[in-house]
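Each chain, written out:
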Protein chains: 2
Amino acid sequence: MAVSVREVAALAGVSLGTVSNVLNRPDKVAPGTVDRVQAAIAELGFVRNDSARQLRAGRSSTVGLIVLDGGNPFFTDVARGAEDAAMTRGLAVLVGNSDESADREQTYVDLFEERRVAGLLVSPAGDDLARLERLRDQGTAVVLVDRRADDDHFASVSVDDVAGGRLAVEHLTGIGRRRIAFVGGPSGIRQVADRHAGAAAAAAEAGATLEVLPTTSLSVLEGRRIGEELQARPATERPDAVFAANDLLAVGLEQAFIMRGSVRVPEEVAIVGYDDIAFAEAAVVPLTSVRQPAQDLGRRAIELLVAQVEQGQGIALEHVEFTPELVVRQSTVPER
Amino acid sequence: MAVSVREVAALAGVSLGTVSNVLNRPDKVAPGTVDRVQAAIAELGFVRNDSARQLRAGRSSTVGLIVLDGGNPFFTDVARGAEDAAMTRGLAVLVGNSDESADREQTYVDLFEERRVAGLLVSPAGDDLARLERLRDQGTAVVLVDRRADDDHFASVSVDDVAGGRLAVEHLTGIGRRRIAFVGGPSGIRQVADRHAGAAAAAAEAGATLEVLPTTSLSVLEGRRIGEELQARPATERPDAVFAANDLLAVGLEQAFIMRGSVRVPEEVAIVGYDDIAFAEAAVVPLTSVRQPAQDLGRRAIELLVAQVEQGQGIALEHVEFTPELVVRQSTVPER
DNA sequence: CTGTTAGCGCTTTCAA
DNA sequence: TTGAAAGCGCTAACAG
C-alpha cells in the first residue's frame with residue numbers, strides 16, 4: 001500500500017535510520033545523502049505516517065476544540081483564530097461541535113482522548129467540569145474558551161462583557177444621550193446580565209437613566225416587537241438611545257423604526273448593538289456595535305495551551321480576559 | 001503516563017490479548033471475564049490509544065473535510081451533516097478551512113494524508129485536481145463536495161443551480177408575474193451562471209421576459225444599488241418581479257424599496273432570493289428564497305465515501321445532484 | 001475461551 | 001556521519 005521509510009531507504013541506498021534523520025534532523029546528515037534521500041522520497045511519493053510517529057513519540061501534534069455552536073460566527077471566528085495560531089506551530093486543530101449538548105461534548109472529549117491530543121480547547125456546554133478536571137489531572141492540557149474559570153482548575157480565555165456594556169453606554173452618553181434603554185433578555189444568560197451590569201454602571205456614572213426593556217430571546221422578531229412599542233410612545237417619553245444586547249435585536253429595532261418612518265435613527269434614537277455580525281454593516285442604517293475579538297480568543301487559547309504543554313503541570317494557570325471594542329457606524333453618528 | 005492494555009490485563013488477571021478481545025469482540029469472551037476486565041478498565045481509567053490501533057489496523061476512522069469558507073453558513077451546514085452521518089458510523093470528521101486558497105487546501109491535504117484518513121471530502125479551491133487524483137489513485141477515497149465532477153475521476157455531491165433558478169422563476173410566473181428581472185453577477189461564477197440559465201429557461205417557457213441586471217458582487221450594497229435604480233424608473237418600466245442570485249442582493253433590494261417607501265413588496269415587485277440564510281426570515285419583508293439542502297449534501301457525501309471505502313477502487317463513481325427547494329414567504333405572497 | 005507472539009511504521013539510542 | 005536494533009500500544013493470527 002503506502003510506501004514506508006524502509007522502501008525510501010532501499011531506493012536511496014541508506015539505512016532507515018538515516019531517512020528518519022533526514023526527516024527530523026537534516027542538519028545531522030551529509031548534504032549529498034540528504035539530496036539522495038529526498039529524491040527517493042519524491043520519486044516514491046512517500047508520506048510520513050503520523051500514527052506511527054505519534055505512537056513512538058508519545059505525544060500528538062493535534063489539539064481538539066469543542067465549540068458550543070458550530071453555526072455561530074463567533075465560534076467560527078474562534079476556530080479560525082485557533083487554526084491559524086496552531087498552524088504556525090505545526091499543530092492541527094480538530095473541531096467538534098457540541099451543539100450545547102453535554103452528551104455530544106462528552107463524545108468529542110472521548111474521541112480526542114483516544115487520539116491522545118496534545119490539548120483541548122473547550123467552551124463547556126454545562127457546569128460539570130469534573131470530566132475535564134480528570135483529563136487535566138492525567139496530563140492533558142485544557143483551556144476553557146469563552147468562559148472565565150472561576151477557580152484555579154483551568155486556564156481560560158474569555159471576553160469581558162461588563163466592559164462591553166460599559167463601552168456601549170459610554171459611547172452613547174459621550175454623544176450626549178441621557179435617556180437610555182437596555183433591550184435584552186432573558187437575564188439568566190450570563191452575557192446578557194454582564195452587558196447590562198456594565199451598561200448600568202456607565203449610565204450611573206454619566207448621570208444618565210437606564211430603562212430596561214426585557215426580551216424573551218435575542219432575535220430580530222423580539223427587537224421588532226420592542227421597536228413597535230417604543231415608536232408608539234409619545235416622542236417625549238421615548239429614550240434617546242437604545243443599547244441592544246445583540247445585533248439581531250438591534251436590527252429588529254431599526255426595522256420597526258425605519259419601516260414606520262416614525263423614528264429617525266440616529267437623530268431621535270441612537271442604537272448600539274453587540275457582536276458586530278457581518279450583517280451589522282449592511283443594515284438599513286449601518287449599525288454601531290460592540291465587537292468581540294473572537295479570532296484573538298482562539299489564538300490566545302492556543303498560546304495558553306502550548307505554554308501548558310511545554311511547561312508542564314506546574315505552570316500558573318492564566319485567565320486571559322479580552323476587552324471588546326466599539327465599531328462606530330451611522331446608527332449612532334450620522335454620516336457627514 | 002497513560003495506562004495501557006498491559007496494565008489493565010495485569011489488574012484483571014488476564015492476558016493482554018483477552019483485553020483486546022473484550023474491547024473488540026466481547027462476544028468471544030466469557031461473561032465473567034468481560035466484567036472483570038471492564039471493572040479494571042473503569043478503575044484505571046483506561047482509554048484506548050487510537051494511534052496504536054490505527055497503526056496496527058492500517059486504516060483510520062477519521063475522514064477529512066476541506067471547505068472553501070468556514071464562515072459561510074452553507075459550509076457549516078455541510079459540515080454538520082457530514083459530522084452527524086459520520087458519527088453514527090463511528091467515524092470522526094476533521095474539518096479544515098481552505099479559505100479559497102489552493103495553498104491552504106494543499107496544507108490540509110498533506111495533513112490528512114499524514115494522518116492516513118479513511119477518505120477526504122473536499123470542495124476544491126481551484127481547478128487543479130491533479131493532487132487529489134494522485135491521492136485517490138493511492139487508495140484514499142475522495143468525494144467532491146459542491147462541485148459536480150465533470151469526468152469520471154471522482155464521486156461528487158452538488159446542488160442543481162439550474163433547477164434552483166428554474167424553481168424561483170416558475171414560482172414568479174405562477175403567481176402571475178411576467179416582467180421579471182435577474183439580479184446577479186459576476187457571471188463568471190458558476191453558481192450565478194447556472195441560476196441565470198435556469199431562470200431564463202423557465203421565463204421563456206412561461207412567455208415571460210427576463211431582464212438581466214448585472215452586479216459586481218453578491219452583496220447587500222450591490223443589491224441596494226440596483227434597487228435604487230429600479231425604484232427611480234417609472235412604475236410602468238419596472239419589472240413586476242426580481243429574482244436575485246443570492247439573499248444578500250435580495251435584502252439590499254428590499255432595503256432600497258422599503259426605505260424609500262416607493263415600491264411595495266410584493267404587490268408592485270415580488271422578490272425571490274437564494275440560499276435561505278438565517279436572515280431571510282428576519283428581513284423587513286420575510287424573503288422567499290431557494291434553499292440548498294446543505295446538511296443533506298454533507299450526509300450524502302459521507303455515504304458515498306463510506307461506499308468507496310467498503311467496496312474499494314472498483315466502485316462506480318456516483319454523482320449525486322440535489323434539487324433545491326423553494327421557501328415561500330411574504331416577499332412574493334402577501335400574508336393573509 | 002484464553003494466552004502467546006509477531007509485527008504495523010516510525011524515532012531514537014548506541015555502536016561502528 | 002551512518003547503521004543496527006529496540007520498542008511505542010495495539011490487534012490478529014495461532015496455539016493451547
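Preceding block: the structure.
Residues numbered from 1 in each chain as written. Chains lettered and ligands numbered in written order. Predicted model: local features only at pLDDT ≥ 70, side-chain atom pairs only at ≥ 80, totals over all residues. Heavy atoms only, no water.

S.K.: So what's going on with the pairing of strand β7 (residues 209-214) of chain B? Which residues, and what values?
M.R.: In this sheet, β7(B) lies alongside strand β6 (residues 179-184) of chain B in parallel orientation, the contact comprising six bridges. By the bridge assignment, B:Arg179 is partnered in β7(B) with B:Thr209. (Pairing = 2+ DSSP bridges. Helix = DSSP H or I, 4+ residues; strand = E, 2+ residues; numbered from the N terminus.)

S.K.: Give me the side chain of A:Glu83: which residues, what numbers.
M.R.: Mapped onto the elements of the fold, A:Glu83 is located in helix α5 (residues 73-88). Separated by 2.5 Å, the side chains of A:Glu83 and B:Tyr108 make a polar contact. Residues within four places of A:Glu83 in sequence aside, it is in contact with A:Val93, B:Val95, B:Gly96, B:Asn97, B:Arg104 and B:Tyr108. (Polar contact = N/O pair within 3.5 Å; in protein donor to acceptor, adjacent residues only side chain to side chain. Contact = heavy atoms within 4.5 Å.)

S.K.: I'd like to hear about the sheet that holds strand β5 (residues 155-159) of chain A, residue by residue, with values.
M.R.: All names here are of chain A. A sheet is described by the order of its strands in space; here six strands give the open sequence β2-β1-β3-β4-β5-β11, paired in parallel fashion. Looking at which strands have only one partner, the edges of the open sheet turn out to be β2 (92-97) and β11 (319-322). Taken over all neighbouring pairs, the strand axes of this sheet differ in orientation by 15 degrees on average, direction set aside. (Axes fitted to C-alpha atoms, helices over the stretch in contact; angles between N-to-C directions.)

S.K.: So what's going on with the packing of helix α8 (residues 161-174) of chain A against helix α9 (residues 190-206) of chain A? Which residues, and what values?
M.R.: The description of two packed helices rests on the angle between their axes and on the distance between the axes. Residues and elements named next belong to chain A. Where α8 meets α9, the closest approach of the two axes is 6 Å, and the angle between their N-to-C directions is 40 degrees. Comparing the axis directions of α8 and α9 gives the class oblique. By crossing handedness, the relation of α8 to α9 is classed as right-handed. For the pair α8 and α9, contact is made by Asp161, Val162, Gly165, Arg166, Val169, Glu170 and Thr173 and by Arg190, Gln191, Asp194, Arg195, Gly198, Ala199, Ala201, Ala202, Ala203, Glu205 and Ala206, respectively. (Parallel < 35°, antiparallel > 145°, perpendicular 65-115°, else oblique. Left-handed = near helix turned anticlockwise from the far one by under 90°.)

S.K.: Go over the protein's contact with DNA strand D with me, naming the residues and quoting the values.
M.R.: Taken together, the neighbourhood of DNA strand D is formed by 22 residues, with A:Thr18, A:Thr33, B:Val5, B:Arg53 and B:Arg56 sitting nearest. Sugar plus phosphate: this is where 71% of the atoms of DNA strand D within 4 Å of the protein reside. Contacts to DNA strand D include A:Thr18, whose side-chain N or O atom sits 2.7 Å from a phosphate oxygen. Contact distances for DNA strand D include 2.8 Å between a phosphate oxygen and a backbone N or O atom of A:Ala30. Contributions of two or more residues to the surface near DNA strand D are made by α2 (16-24) and α4 (50-57) of chain A together with α2 (16-24) and α4 (50-57) of chain B. (Near = heavy atom within 4 Å.)

S.K.: I'd like a description of the pattern of salt bridges, backed by residues and values.
M.R.: Evaluation of the coordinates by the stated rule reveals 52 salt bridges over all chains. With a closest N to O distance of 3.3 Å, A:Asp127 and A:Arg147 form a salt bridge. Of this pair, A:Asp127 sits in the loop between β3 (119-122) and α7 (130-137) while A:Arg147 sits in the loop between β4 (141-145) and β5, placing them 20 residues apart in sequence. Across the pair B:Arg300 and B:Glu318 runs a salt bridge, and its minimum N-O distance is 3.9 Å. Remark: B:Glu318 occurs in the loop between α13 (294-311) and β11 (319-322) and B:Arg300 occurs in helix α13; sequence separation between them is 18 residues. (Salt bridge = Lys/Arg side-chain N within 4 Å of Asp/Glu carboxyl O.)

S.K.: Residue-level account of unusual backbone geometry, with values.
M.R.: Excluding glycine, most residues fall at negative phi; most peptide bonds, likewise, are trans. Cis geometry is adopted by the peptide bond preceding B:Pro186, which originates at B:Gly185 and carries an omega value of -5 degrees. Secondary-structure assignment places B:Pro186 in the loop between β6 and α9 (190-206). A cis amide bond links B:Val265 to the next residue, B:Pro266, at an omega of 5 degrees. Phi angles above zero are rare outside glycine, and A:Glu100 is one such case at about 65 degrees. Among the secondary structure elements, A:Glu100 is positioned in the loop between β2 and α6 (102-114). Judged by its relative accessible area of 55%, A:Glu100 is exposed. Unusually for a residue other than glycine, A:Asp275 sits at a positive phi of about 115 degrees. (Buried < 20%, exposed > 50% of the residue type's maximum accessible area, 1.4 Å probe, protein only.)

S.K.: Could you give an account of helix α11 (residues 247-260) of chain B, with specific residues and numbers?
M.R.: Residue and element names in this part refer to chain B. Between its terminal C-alpha atoms α11 stretches 20 Å, which fits the 20 Å expected from 14 residues at 1.5 Å a residue. Counting buried positions along α11 yields ten of 14 residues, so the element is predominantly enclosed. Two or three places before Leu248, at the opening of α11, Asn246 has a side-chain oxygen 3.2 Å from that residue's backbone nitrogen. After α11 finishes, the residue Gly261 shows a positive phi value of roughly 65 degrees. (Expected span 1.5 Å × (residues − 1).)

By themselves these figures say nothing about function.
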